Amino acid sequence: DAGITQSPRHKVTETGTPVTLRCHQTENHRYMYWYRQDPGHGLRLIHYSYGVKDTDKGEVSDGYSVSRSKTEDFLLTLESATSSQTSVYFCAISRTGSNEKLFFGSGTQLSVL
Amino acid sequence: TQLLEQSPQFLSIQEGENLTVYCNSSSVFSSLQWYRQEPGEGPVLLVTVVTGGEVKKLKRLTFQFGDARKDSSLHITAAQPGDTGLYLCAGAGITGGGNKLTFGTGTQLKVEL
């Protein structure tokens, strides 16, 4: 199994509070991604990174920011959480960006009340 | 935005039955991946198909990429309870980098004894 750790695994927070989710990899893969998974929508890309300090927006980036200060860590921040951001968040990694297979973490269940 | 529609959304069958899951789009993809996801875990890659008309077999699973590279199917022969899970297709776009896969909405399969 690819060495991907997401933390926390579960979080309950209140509307308007900031939330940071962490993804840590031990594979030294260049690309890292944050997805959210919601019923009826499948997996949707929030942001991705193609190197340290290099990030770009995905399909559903509004309300989210990311940072990558080290190869192994990719942080997803909800500056002011809203109920619509209640979801399961998955981090994924890939060695290259050329449509190569993704390795996923086990997910973070986030509930915004 | 490239869309991938999967059908059926839900499938409940008895052990030993055969089934087919479909993944359709109006867009052309350079390649298509199939993932399987179990509860509480991230998706795991099953196969990648690249060439139009390509057929790949993985034990009792047969994957086919459409000739026009707009659709794909997954056929399971003699389904077993261990096949239970969420099956996701994901298409890689013709243009654009960053491995921006488009995921289908998923097919939830339950195989009962």
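Residues numbered from 1 in each chain as written. Chains lettered and ligands numbered in written order. Predicted model: local features only at pLDDT ≥ 70, side-chain atom pairs only at ≥ 80, totals over all residues. Heavy atoms only, no water.

Asks: Could you give an account of the sheet that holds strand β1 (residues 4-7) of chain A, naming the residues involved and the relevant values?
Replies: All names here are of chain A. If you walk across this open sheet you meet the four strands as β1-β3-β8-β7, and the pairing is antiparallel. Sheet topology places β1 and β7 (64-70) at the edges, where each strand pairs with a single neighbour. Pairs of neighbouring strands in the sheet enclose a mean axial angle of 15 degrees, with direction left out of account. By the bridge criterion, six bridges tie strand β3 (residues 19-25) to strand β8 (residues 73-78) in an arrangement that is antiparallel. Within β8, the position partnered with threonine 20 by the bridge is threonine 77. (Pairing = 2+ DSSP bridges. Helix = DSSP H or I, 4+ residues; strand = E, 2+ residues; numbered from the N terminus. Axes fitted to C-alpha atoms, helices over the stretch in contact; angles between N-to-C directions.)

Asks: Quick one: what's the story with unusual backbone geometry, residue by residue and with numbers?
Replies: Cis peptide bonds are those with omega within 30 degrees of zero, and the linkage from A:Ser7 to A:Pro8 qualifies with -10 degrees. On the secondary structure map, A:Pro8 appears in the loop between β1 and β2 (10-13). Across the junction of B:Ser7 and B:Pro8, the peptide omega takes the value -10 degrees, indicating a cis bond. Position of B:Pro8 relative to the elements: it lies in the loop between β1 (5-7) and β2 (10-14). Of note in this structure, A:Lys53 is not a glycine but carries a positive phi near 70 degrees. Secondary-structure assignment places A:Lys53 in the loop between β5 (42-51) and β6 (54-57).

Asks: I'd love a proper account of the pattern of salt bridges, names of residues and values included.
Replies: Taken as a whole, this structure holds eight salt bridges over all chains when the rule is applied. Between A:Asp38 and A:Arg44 there is a salt bridge whose closest N-O contact spans 3.0 Å. The pair A:Asp38 / A:Arg44 is uniform in exposure class, with both members buried. Note that B:Glu54 is salt-bridged to B:Lys56, the shortest N-O span being 3.8 Å. Among the ionic contacts, a cluster of salt bridges with common partners joins A:Arg22, A:Lys70 and A:Asp73. (Salt bridge = Lys/Arg side-chain N within 4 Å of Asp/Glu carboxyl O. Buried < 20%, exposed > 50% of the residue type's maximum accessible area, 1.4 Å probe, protein only.)

Asks: A description of the nonpolar core should follow, citing residues and the corresponding values.
Replies: Formed by 20 residues in total, the largest nonpolar core has its most connected members in B:Leu19, B:Leu32, B:Trp34, B:Leu74, B:Ile76 and B:Leu109. Mapped by element, the contributors of at least two residues to this core are β3 (19-24), β4 (29-37), β5 (44-49), β7 (61-65), β8 (71-76), β9 (85-93) and β11 (107-112) of chain B. In terms of nonpolar packing, the next biggest core, distinct from the first, is built from 19 residues, A:Val19, A:Val60, A:Leu110 and A:Val112 among them. (Core = buried A, V, L, I, M, F, W, Y, C linked by side-chain atoms within 4.5 Å.)

Asks: Before we move on, could you go through the packing of aromatic side chains and cite the residues and values that matter?
Replies: Taken as a whole and assessed by the stated rule, the structure comprises 12 aromatic pairs over all chains. With a centroid separation of 6.2 Å and an interplanar angle of 75 degrees, the aromatic rings of A:Phe104 and B:Phe103 are classed as edge-to-face. You can see A:Phe104 sitting in strand β10 (residues 103-104) and its partner B:Phe103 sitting in strand β10 (residues 101-103), one on each of two chains. Relative accessible area serves as the criterion here: at 11%, A:Phe104 is assigned to the buried category. We classify B:Phe103 as buried; its relative accessible area is 6%. One aromatic cluster in this structure is built from A:Tyr31, A:Tyr33, A:Tyr35, A:Tyr48, A:Tyr50, A:Phe90, A:Phe104, B:Tyr35 and B:Phe103. (Phe/Tyr/Trp six-rings, centres within 6.5 Å; stacked < 30°, edge-to-face > 60°.)

Asks: Which residues make up the pairing of β8(A), and what values do they have?
Replies: Successive side chains on a regular strand alternate, one facing one side of the sheet and the next facing the other. All names here are of chain A. Of all six residues that make up β8, five are buried, and the element is covered over most of its length. When β7 meets β8, the two strands line up antiparallel, connected through five bridges. If you follow tyrosine 64 over to β8, its bridge partner there is leucine 78. In this antiparallel pair of consecutive strands, β7 and β8, the connection spans two residues.

Any functional reading would require information that these geometric values do not contain.
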